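Residues per chain, in single letters:
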Amino acid sequence: MSATDRAAKSGIALEAQKKILSKYDEHLAQQILVWLGRTIGEDINTSGDVNNFLELLKDGKTLCKLANALSPGSVRKVNESKMVFKQMENISFFLNFAQQHVQKSEIFQTADLFEAQDPNAVLVCLSSLARKSEKLFGKAGLGPKEAEGEKRQWSDEQLRAGDAIIGLQMGSNKGANASGLNFGNTRHM
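Residues numbered from 1 in each chain as written. Predicted model: local features only at pLDDT ≥ 70, side-chain atom pairs only at ≥ 80, totals over all residues. Heavy atoms only, no water.

Before going further, it helps to examine the nonpolar core. Phe53, Leu57, Leu66, Phe94, Phe108 and Leu126 are the most contacted members of the largest nonpolar core, which has 37 residues in total. A per-element tally of this core places helix H7 (residues 119–137) first, with eight residues. Ignoring any residue separated from it by four or fewer positions in sequence, one finds phenylalanine 53 in contact with Tyr24, Ala29, Leu33, Pro119, Val122, Leu123 and Leu126. (Core = buried A, V, L, I, M, F, W, Y, C linked by side-chain atoms within 4.5 Å. Buried < 20%, exposed > 50% of the residue type's maximum accessible area, 1.4 Å probe, protein only. Helix = DSSP H or I, 4+ residues; strand = E, 2+ residues; numbered from the N terminus. Contact = heavy atoms within 4.5 Å.)

Written out as C-alpha cells, the structure is:
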C-alpha cells in the first residue's frame, strides 16, 4: 500500500500531516543526497524535492548500499524485487544497521519513508548518520562534528570542598518567617 492508495486525510489528521510535512527541509535533503551519492559512489538525482527524496529511497536499495558503503557487509542481502514487502524489508535492513549507530530517538519507522508519512524523520536519521560517518566509519561526513565531552579529574580535596556549600536549590531561611500567618486562629472582628 502506498500513500496514493490511502484515503485523503481531512480534519485533524490533515492538519497533523501538514505540520509534519512543514518540518521537511529541502536544503538539508539536498545536502544529504549529495553526501549519500558520494558515499555510495553513484550519480543520483540530488534535488531536495520531497517527492524525489522519497522516490530515491523508497525501495530501500540505496539505503542498503549506504549501510554497506559505511560498514562493508552490514546488509548481507539486498532485495532487488519490486514487491512491496521486499522493498520494506530493505528499509528494515537499513534500520537495523542504523540502530547500532544512532540514538533511538533519531530512527524513523518504515512507514515514514515507504508511505511518505514523515519524510523529516528520514532526514533526521540520515543526517545523524552523516554527522557520525567520519568518526565511526572513517568516511567523509556532513555537518558539524559531535562533541565528545571533556573528562575531568577532581582531587579528593576539591570534592570535599563542595560538601560545605549549600546549593541555591536547597533554598534559604534568611528573612523568611511565619509572622502574619494565622493558621488555626479564628477571625477577630
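Turning to H7, a few remarks are in order. Relative to the 27 Å expected for 19 residues at 1.5 Å per residue, H7 spans 25 Å between its end C-alpha atoms, a close match to the ideal helical length. Taking the largest bend as the criterion, H7 deviates by roughly 40°, centred on arginine 131. Counting buried positions over the 19 residues of H7 gives 14, a clear majority of the element. Note on H7: the residue one or two positions beyond its end, glycine 138, has a positive phi of about 70°. (Expected span 1.5 Å × (residues − 1). Bend = angle between axes of the 7 residues up to and from the residue.)

Take the layout of surface pockets next. The space that makes up the second largest pocket amounts to roughly 190 Å³. Every residue lining the second largest pocket is listed: Ala130, Arg131, Lys132, Glu134, Lys135, Leu136, Gly141, Leu142, Gly143, Lys145, Glu146 and Glu148. Classifying every residue of the lining of the second largest pocket gives three nonpolar, two polar and seven charged. (1 Å grid on protein atoms, 1.4 Å probe; cavity = no way out; pocket = protein on both sides within 12 Å on 5 of 7 lines; lining within 4 Å. Points joined across faces, edges and corners; volume = space filled by probe spheres on them. Nonpolar A, V, L, I, M, F, W, Y, C, P; charged D, E, K, R; others polar.)

A few words on the packing of helix H3 (residues 50–57) against H7. Taken N-terminus to C-terminus, the directions of H3 and H7 make an angle of 65°; their axes are 11 Å apart at the nearest point. Here H3 lies roughly perpendicular to H7, going by the angle between them. H3 and H7 meet at a crossing whose hand is left-handed. Of the residues in H7, those touching H3 at Val50, Phe53, Leu54 and Leu57 are Pro119, Val122, Leu123 and Leu126. (Axes fitted to C-alpha atoms, helices over the stretch in contact; angles between N-to-C directions. Parallel < 35°, antiparallel > 145°, perpendicular 65-115°, else oblique. Left-handed = near helix turned anticlockwise from the far one by under 90°.)

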